[in-house]
Structures are given as structure tokens and as C-alpha cells.
Amino acid sequence: MKDGSYAKFFSSVRPNVVLKHFEWMSDYGMTGAFHIRFMSNMEDPDVRERRTMVLRNVKNAAEETGRLFAVSYNIVGANPDRLML
């Protein structure tokens, strides 16, 4: 930042961040959202766990706020030998 302080970014790994977004959706009359689940690098346990945590946060926030969600799977760059479609 101009004053030398660090910029802060949100992270969807944090449940309260995802819940706040779903609350805003409710406040503004949005019925739901798509969550894009990127399938590349899923063989890395840390990547898979973070992405699963975000999806879990989306599910929980949608249920808590009465919103809908759908999952869109992006398989670009994924290992074709490991995909089960």
C-alpha cells in the first residue's frame, strides 16, 4: 500500500468469508451461485484439501442462508488417467 502496509485479501478457505458473500447474495435477491471446481493438480493432497474446504464452505453457507449452489467441474489440465467422470 502507499503507506507501506500490506494489502489484505479475502480467502474462500475461511468459512466466514464465504458466508458473508452468501449473505450479500441473500440481501440483494440472488438465488444462487456456481462454484467452479478446478480439477488440475488434485493429486496433490494439499491442493485437494483446500479446494474441498472451499466447496464445503459454499455448501454450508448456501444451506445457512437458503441460497442454491451448483458445481461446475473444470477438467482442463487435469490428469486424464485420474479423472472419473
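Residues numbered from 1 in each chain as written. Predicted model: local features only at pLDDT ≥ 70, side-chain atom pairs only at ≥ 80, totals over all residues. Heavy atoms only, no water.

Engineer: Would you mind going over the overall build of the protein with me for this structure?
Structural biologist: Across its full length, the protein carries two helices and two strands. Of the regular secondary structure in the protein, the N- to C-terminal order runs α-β-α-β. Here the C-alpha atoms of the protein give a radius of gyration of 16 Å, more than 25% beyond the 12 Å that 2.2 N^0.38 yields for 85 residues. Referenced to the eigenvectors of the C-alpha coordinate spread, the extents of the protein come out at roughly 45 × 40 × 20 Å. Relative to its full complement of 85 residues, the protein shows a buried share of 24%. The contacts in the protein between residues at least 6 apart in sequence include a share of 65% that link residues at least 24 apart. Within the structure as shown, the protein displays about 6700 Å² of accessible surface, and the carbon and sulfur contribution to it stands at 57%. Once the 12 positive and 10 negative side-chain charges of the protein are each reduced to a mean point, those two points are 2 Å apart. (Helix = DSSP H or I, 4+ residues; strand = E, 2+ residues; numbered from the N terminus. Rg over C-alpha atoms; globule rule 2.2 N^0.38 Å. Buried < 20%, exposed > 50% of the residue type's maximum accessible area, 1.4 Å probe, protein only. Contact = heavy atoms within 4.5 Å. Areas by Shrake-Rupley, 256 points an atom, 1.4 Å probe, with all protein chains shown as cover. Lys, Arg positive; Asp, Glu negative; His and termini not counted. Charge placed at Lys NZ, Arg CZ, Asp CG, Glu CD.)

Engineer: I'm lost on the side chain of Arg37 in this one. Help?
Structural biologist: For Arg37, the position within the fold is in strand E1 (residues 32–38). Within the buried core, Arg37 has no salt-bridge partner, and the shortest N-O distance to an opposite charge, that of Glu49, equals 8.4 Å. Excluding anything up to four places from it in sequence, Arg37 contacts Met42, Arg51, Thr52, Leu55, Val71, Ser72, Tyr73 and Asn74. (Salt bridge = Lys/Arg side-chain N within 4 Å of Asp/Glu carboxyl O.)

Engineer: Sorry, what's going on with the pattern of salt bridges here?
Structural biologist: Between side chains of opposite charge, a pair can form as their charged atoms come close. Taken as a whole and assessed by the stated rule, the structure comprises two salt bridges. Measuring nitrogen to oxygen at the nearest pair gives 3.3 Å for the salt bridge that ties Lys20 to Glu23. Of this pair, Lys20 and Glu23 both sit in helix H1 (residues 15–27), three residues apart, roughly one helical turn. Residue class for Lys20 comes out partly exposed when judged on its relative accessible area of 38%. Of the charged contacts in the structure, one is a salt bridge between Lys59 and Glu63, with a shortest N-O distance of 3.0 Å. Of this pair, Lys59 and Glu63 both sit in helix H2 (residues 45–65), four residues apart, roughly one helical turn. By relative accessible area, which is 52% here, Glu63 ends up exposed.

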